[in-house]
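# A structural walkthrough
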Number of protein chains: 2
Amino acid sequence: MSTDSDSRHDSDNGIDPDVFRDDDDRISPLWLERLRAFLSAGRADDLAMVMAPLHAADIGDVLESLDADERLMLVRLLGERFDYSALTEVDESVRTQMMEALPNAEIARGVAGLDSDDAVFILEDMEQVDLDEVLAKLPTFERLSLKRSLDFPEDSAGRRMLTDFIAIPPFWTVGQTIDYLRREHDLPDEFYQIYVVDAAYSVLGTIALDKFLRAPRSTPIAALMNTNLMLVDANEDQEEVARDFERYDLIEVGVVDESKRLVGVLTIDDIVDVIHEEADEDIKLLAGVGDEDISDSTLYTVRSRVPWLVVNLIAAVAVSMVIGLFNATIEQMVALAVLMPIVASMGGNAGTQTMTVTVRALSMRELDGRRLRRLISREMVVGLTNGVIFAVLIGLVTWLRFNNIELGAVIAAAMVINMAVAGTAGILIPLTLDKFKADPAIASAVFVTTITDIVGFLAFLGIAGLWFGLF
Amino acid sequence: MSTDSDSRHDSDNGIDPDVFRDDDDRISPLWLERLRAFLSAGRADDLAMVMAPLHAADIGDVLESLDADERLMLVRLLGERFDYSALTEVDESVRTQMMEALPNAEIARGVAGLDSDDAVFILEDMEQVDLDEVLAKLPTFERLSLKRSLDFPEDSAGRRMLTDFIAIPPFWTVGQTIDYLRREHDLPDEFYQIYVVDAAYSVLGTIALDKFLRAPRSTPIAALMNTNLMLVDANEDQEEVARDFERYDLIEVGVVDESKRLVGVLTIDDIVDVIHEEADEDIKLLAGVGDEDISDSTLYTVRSRVPWLVVNLIAAVAVSMVIGLFNATIEQMVALAVLMPIVASMGGNAGTQTMTVTVRALSMRELDGRRLRRLISREMVVGLTNGVIFAVLIGLVTWLRFNNIELGAVIAAAMVINMAVAGTAGILIPLTLDKFKADPAIASAVFVTTITDIVGFLAFLGIAGLWFGLF
């Protein structure tokens, strides 16, 4: 993407402190260095000048790159020139740090000029006492509209919506509406459709701006409006809403309350973040890191990861107890101890592959009856096929390494069993978690690898014990 | 989301074949059953009737749920009533299957009515001979515009762009433009901004529709336009473009060719899919499943997974050779074989946690100088801290289980070492891959777990051997 301000990219940007982003799309170290110099020298006007061309998202990136006290100094020095919408673009831990340190009066001044969705996003995690203090300092109209949004549940459409929108009666004409839009100055900054409502603010229809622009002035609104309504309930979860935006390529939808009154609008730019977060959540849950950001503190990170590791420790001890059953067997043939991790590791990998595909399909709601049956049978066949392939491979390797064809046959047999089990567990475990309304991404990984470890060790040591008569 | 057509949701939808999606947002089995009945009875009009209210995305879901021959029958029965844009909404394997089976003449008829971006998306994977045949059958103007898009590299902005847009000269007024929009019928279906261009189609500015609607008729276009241009190069990769859309909350940007001529526009709905795919790709690469969908055939799936499993097999054999070095040690103390997988498994988990956080931060371009140094030192401290915590835990468990305090001390020491290594490897491996321009998601997982396995076994068996004098 080239904009006027970064066409300078083409020049030699290694030495130009005016260049904000380097070729790798990261904030240029030179630019940051200069900003830090201005910060520590308290040069507010210079600061304001270099920050002025930045988009809120860029300011957010700058905040994340600064140290905690530098962030506060930046806000203090810029004063009214600091754009609070940048706080919607930073990691939660950075936002929390800044919100706790900034005085409530200053926060109230900062959010007063923001769109309602941005203001709610910034305020929603505050302590109730502080929140009340901030709200009390806001103009009545804004206070009421923010309060209404905050009354909806966390992560709901009502929390993310913009409370400004264009609503007109059905008996107007296109011309009357255009005149109203030109006259009225208290309208939302950006809008993509016009809502046609009755006296009770029930939505009768919507008109996309491009359709509207192309209609003659005399066209009655009622004749132009689209009555195939897409509306979301303010209480609906944002992830559900995001799925609809994605599926139906939406740009904006109206949000209605329990009594079907239009209370706000949701636009795609808010939803893009939700779509991103949802996929991100799956990745992180699968890896056993919760709701974590790179800006989180060390202590927070340790606390968030320990529970997953505890679960894994319990699983690992259980697996080790299974191995313990074969003490005598291993004692008589140490090669078994040397080889046993191979079977377990291959099963763990194959199981993780199947599990990941299943978890993603579940979270994208792709699995209805027939597709589900097709997936289950495919994964079982894949597991068995890969089992046979890798049984032959590891069988040969083992035979050559230990010069023992029987040991090769034993490990091959264990491999087939564990790979088939891996495919089956990889699909059935996330499905079962989903059935019981748990997030299949959360616990699947530990379950799957514990099962493939146990089956892997049990099959290999068990078959070996029987074959070689080592019990 | 409630629409007119699924407000029936509220009724008892267990027995109503008119309900398309069930409460879990999946296609209702009853609805599908009825569709299949129509298909096998060849009742084209009934088919058309039940399909008519569906959005292209829903038709795509239906196609994925049907068997291969049913899909073709559906297209054949619906004829002109089949909406080809549904082919942009299905998994690649489903699209390929259908495109190979449908006659080229039929495909040409189907794509002729589509938006240029959808047509390109459907056609781009065809064999060159077939593609040429389809293009030859299209009207000249459409053929040329599709050919131009197809000339841009795969996954570029030029491939994804819509070639229809509204471009006006700067000397017009708002009134003249509105008159033009009302008069001209050959305009794009949907548009969000108007482009102001010079005679050579160089972009001078853009006007968002809402700004446009609110300006008096006499306003000169040149005075209204936004000259802070956001334009993308047609050759730019779609993932780069997606990051900009996401960062700057864009709805639409103009696409320009090498000579800065406006050649098309990219809208957020195409980009949402790219954003989704990018996150999905990270998840799948981390788990060792390539570009895979649930609709892929068994054979394709096996072929796509085998390479990853081969790499893992090689790693597992290497790990097993490390254990083999301690043959004599294990022979004298079988408890070591029983306990050793615990140290390896904990290291693997901790390493995967760190690695996942790092890979995500890298793919979101969040790691510049200072944030990177902060992350590295945090992960090392986290690794060491968790190492101490879990060393104490496993040390106690081992002491109690084997009634051997020395064995507890040995496993605790190995645990601290492996957890600290896990944190370090978890961050350094993806960073190194990124440095060498490899996708850090691809190979990180195998590298990290191989290292934690090797270090885990080496530390535990080595310390034990030294401590108990078992070499």
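Keep in mind that this is a model prediction, so the values were computed, not measured. (Residues numbered from 1 in each chain as written. Chains lettered and ligands numbered in written order. Predicted model: local features only at pLDDT ≥ 70, side-chain atom pairs only at ≥ 80, totals over all residues. Heavy atoms only, no water.)

## With respect to the nonpolar core
Inclusion rule: Only buried Ala, Val, Leu, Ile, Met, Phe, Trp, Tyr and Cys residues count toward a nonpolar core, and they belong to the same one when joined by side-chain atoms within 4.5 Å. Using a 1.4 Å probe on the protein chains alone, a residue whose accessible area is under 20% of its type maximum counts as buried, one over 50% counts as exposed, and one in between counts as partly exposed. A contact between two residues is defined here by any heavy atoms of the two lying within 4.5 Å.
Judged by nonpolar contacts, the single largest core of 82 residues is most densely connected at A:F460 and B:F460. Discounting residues that sit within four places of it in the chain, A:F460 has contacts with A:L336, A:L339, A:M340, A:V343, A:V410, A:I411 and A:A414.

## Structural notes on the pairing of strand β5 (residues 230–233) of chain B
All names here are of chain B. The condition is simple: Only strands joined by at least two bridges in the DSSP assignment are considered to pair. Each helix corresponds to a stretch of at least 4 residues labelled H or I by DSSP, and each strand to a stretch of at least 2 residues labelled E; elements are numbered beginning at the N terminus. If the strands point away from the viewer and the path from the first strand over the helix to the second runs clockwise, then the crossover is right-handed.
Here β5 pairs with strand β6 (residues 252–256) via three bridges, running parallel. Counted as the bridge partner of D233 is V256 from β6. In this region the chain leaves β5, passes through helix α14 (residues 238–248) and returns to the parallel neighbour β6; the handedness of that crossover is right-handed.

## Here's the deal with the pattern of salt bridges
Residues and elements named next belong to chain B. Convention followed: Salt-bridge detection follows one rule: a side-chain nitrogen of Lys or Arg within 4 Å of a carboxyl oxygen of Asp or Glu.
Applying the stated rule across the entire model yields 38 salt bridges over all chains. In this structure, E292 and R305 form a salt bridge, with 2.8 Å as the shortest nitrogen-oxygen distance. You can see E292 sitting in the loop between α15 (268–286) and α16 (298–324) and its partner R305 sitting in helix α16, a full 13 residues away along the chain. For E292, a relative accessible area of 1% gives the class buried.

## So, the interface of chain A and chain B
Inclusion rule: Put simply, buried area is the surface a 1.4 Å probe can reach on two separate parts but cannot reach once they are joined, added for both.
Each partner contributes residues to the interface: chain A has 143 residues there, and chain B has 143 residues. Contact between chain A and chain B buries roughly 12,300 Å² in total, counting both sides, with carbon and sulfur atoms accounting for 57%. One can count nine salt bridges joining chain A with chain B. Salt-bridge contacts for A:E379 lead to B:R305; the nearest nitrogen and oxygen are separated by 2.8 Å.

## A closer look at helix α20 (residues 405–435) of chain B
Residue and element names in this part refer to chain B. Rule in force here: In this analysis, the expected span of each helix is defined as 1.5 Å times one less than the number of residues it contains. Pairing of N or O atoms within 3.5 Å defines a polar contact, subject to two protein rules: one partner must be a possible hydrogen donor and the other a possible acceptor, and residues neighboring in sequence count only if both atoms are side-chain atoms.
Helix length check: α20, at 31 residues, gives a terminal C-alpha distance of 45 Å against a target of 45 Å (1.5 Å per residue), a fit within 8%. Two or three places before E406, at the start of α20, stands the capping residue N404, its side-chain oxygen 3.1 Å from that residue's backbone nitrogen. Remark: K437 follows α20 within two positions and exhibits a positive phi of approximately 65°.

## Examining the environment of B:R217
With respect to the secondary-structure elements, B:R217 resides in the loop between α12 (209–213) and α13 (221–224). On the basis of relative accessibility, which here comes to 32%, the residue B:R217 falls in the partly exposed class. The contacts of B:R217, once residues within four sequence positions are left out, are A:R182, B:T173, B:V174, B:G175, B:I178, B:D179 and B:R182. A polar contact is formed between the side chain of B:R217 and the side chain of B:D179, at a distance of 2.8 Å.

## Describing the packing of aromatic side chains
Centre distance and the angle of the planes are the two values used to describe a pair of aromatic rings. Residues and elements named next belong to chain B. As a reminder, the rule being used: Geometry of aromatic contacts follows a simple scheme: Phe, Tyr and Trp rings, the Trp one being its six-membered ring, pair when their centres are within 6.5 Å, and the pair is stacked under 30 degrees between planes, edge-to-face over 60, tilted otherwise.
As enumerated under the stated definition, the model contains eleven aromatic pairs over all chains in all. Ring geometry for F20 and W31: centres 4.8 Å apart, planes at 75°, overall edge-to-face. Here F20, found in the loop between β1 (2–3) and α1 (29–41), pairs with W31, found in helix α1; they are eleven residues apart in sequence, far enough to count as distant. The two residues F20 and W31 agree in class, both being buried. Note on F165 and Y195: the rings are 6.4 Å apart at their centroids and 70° apart in plane angle, and the pair reads as edge-to-face. Of this pair, F165 sits in the loop between α10 (157–160) and β2 (167–168) while Y195 sits in strand β3 (residues 193–197), placing them 30 residues apart in sequence. Given the relative accessible area of 18%, F165 is considered buried.

## A look at the packing of helix α18 (residues 335–363) of chain A against helix α19 (residues 369–402) of chain A
All names here are of chain A. As a reminder of what qualifies: Note on geometry: axes are lines fitted to C-alpha atoms, helical ones only across the stretch in contact, with angles between N-to-C directions running from 0 to 180 degrees. Any angle between 65 and 115 degrees counts as roughly perpendicular, while under 35 counts as roughly parallel, over 145 as roughly antiparallel, and the rest as oblique. Working rule for handedness: look at the near helix, and if it is turned counterclockwise from the far one by less than a right angle, call the crossing left-handed; if clockwise, right-handed. Nonpolar residues are Ala, Val, Leu, Ile, Met, Phe, Trp, Tyr, Cys and Pro. Charged residues are Asp, Glu, Lys and Arg, and all others, Gly as well, are polar.
Between α18 and α19, the least distance of the axes is 11 Å, while the angle of their chain directions is 160°. Judged by the inter-axis angle, α18 sits roughly antiparallel to α19. The handedness of the crossing between α18 and α19 is right-handed. From α18, A335, V338, L339, I342, M346, T354, V357 and T358 reach across to α19, where they touch L375, R378, E379, F390, I394, T398, R401 and F402. Tallied by class, residues from the contact of α18 with α19 come to ten nonpolar, three polar and three charged.

## Focus on the environment of A:A223
Residues and elements named next belong to chain A. If you trace the backbone, A223 turns up in helix α13 (residues 221–224). You can call A223 exposed: its relative accessible area is 61%. Taking the C-alpha atoms as reference, A223 lies 78 Å from T398; in sequence the two are 175 residues apart.

## Regarding the sheet that holds strand β4 (residues 203–208) of chain B
All names here are of chain B. The mixed open sheet is built from three strands, whose spatial order is β2-β3-β4. Each edge of the sheet is formed by a strand with only one pairing partner; in this case those strands are β2 and β4. Two strands pair when backbone bridges link them, and β3 and β4 are joined in this way by five bridges, in the antiparallel orientation. Within β4, the position partnered with V197 by the bridge is V203.

## Description of unusual backbone geometry
You will see that A:Y201, though not glycine, has its phi angle at about 65°, which is positive. Relative to the assigned elements, A:Y201 resides in the loop between β3 (193–197) and β4 (203–208).

## Focus on the sheet that holds β3(A)
Pairing in this open sheet of three strands is mixed, and the strands run β2-β3-β4 (chain A) from one edge to the other. Of all the strands in the sheet, just β2 (167–168) and β4 of chain A have a single pairing partner and so form its edges.

## Here we look at the relation of the copies chain A and chain B
Our working rule: Fitting of the copies onto one another was done by least squares over C-alpha atoms, counting residues only where both copies have pLDDT of at least 70.
With an RMSD of 0.1 Å, chain A superimposes on chain B once it is rotated by 180° and translated 0.0 Å along the axis. With respect to symmetry, the two chain copies, as superposed, fit the operation of a two-fold axis. Of all interface residues in chain A, 100% are interface residues in chain B too; the two copies therefore contact each other through one and the same surface.

## Examining the packing of helix α2 (residues 44–51) of chain A against helix α4 (residues 68–78) of chain A
Residue and element names in this part refer to chain A. Here α2 crosses α4 at 100°, and the two axes come no closer than 9 Å. Between α2 and α4, the crossing angle belongs to the class labelled roughly perpendicular. Between α2 and α4, the contacting residues are A44, L47, A48 and M51 on the first element and L74, L77 and L78 on the second. Residue composition of the contact of α2 with α4, grouped by class: seven nonpolar, no polar and no charged.

## A short note on a negative patch on the surface
Residue and element names in this part refer to chain A. Rules: Like-charged residues within 9 Å of one another, or nonpolar side chains (Val, Leu, Ile, Met, Phe, Trp, Tyr) within 5 Å, are grouped into patches, provided each residue has over 30% relative accessible area and no salt bridge. To be clear on the numbers: accessible area is Shrake-Rupley with a 1.4 Å probe, and residue cover counts the displayed protein chains and nothing else. Neither His nor the chain ends is counted toward charge; the positive residues are Lys and Arg and the negative residues Asp and Glu. Charge coordinates come from a single atom per side chain, which is NZ of Lys, CZ of Arg, CG of Asp or CD of Glu.
A cluster of acidic residues, E92, D125, E154, D155, D237, D273, E277, E281 and D291, forms a negative patch on the protein surface. With three residues, helix α15 (residues 268–286) is the single largest residue contributor to the negative patch. Position of D125 relative to the elements: it lies in the loop between α7 (116–123) and α8 (128–136).

## Describing the side chain of B:T301
Tracing the backbone through its elements, the reader meets B:T301 in helix α16. At a separation of 3.3 Å, a polar atom in the side chain of B:T301 contacts the side chain of A:R378. What B:T301 contacts, discounting residues up to four positions off in sequence, is A:R378, A:E379, A:V382, B:E292 and B:D296.

## Side note on the confidence of the model for chain A
Defined as follows: By definition, pLDDT measures how confident the predictor is in each residue, and it falls between 0 and 100.
Of the residues in chain A, 97% have a pLDDT of 70 or more, and the chain-wide mean is 89. Below a pLDDT of 50 lies the segment residues 1–14 of chain A, which in the model reaches 26 contacts outside its immediate sequence neighbourhood of four places, other chains included.

## Side note on a nonpolar patch on the surface
Residue and element names in this part refer to chain B. Taken together, the side chains of V388, V392, L396, W399, L400 and I405 define a hydrophobic patch exposed on the protein surface, amounting to about 590 Å² of accessible area. Among the elements that make up the nonpolar patch, the one with the highest residue count is helix α19 (residues 369–402) (five residues). Note that W399 resides in helix α19.

## Remarks on helix α2 (residues 44–51) of chain B
If you check which residues of α2(B) are buried, you get B:A44, B:L47, B:A48, B:V50 and B:M51. Contacts made by the buried residues of α2(B) are with α1, α3 (56–65) and α4 (68–78) of chain B.

## Describing the environment of A:A344
Residues and elements named next belong to chain A. Within the fold, A344 resides in helix α18. On a C-alpha basis, the gap between A344 and I451 in space is 9.3 Å, while along the polypeptide they are 107 residues apart. Contacts of A344, omitting those with residues within four sequence positions, involve N418, T452, D453 and F457.

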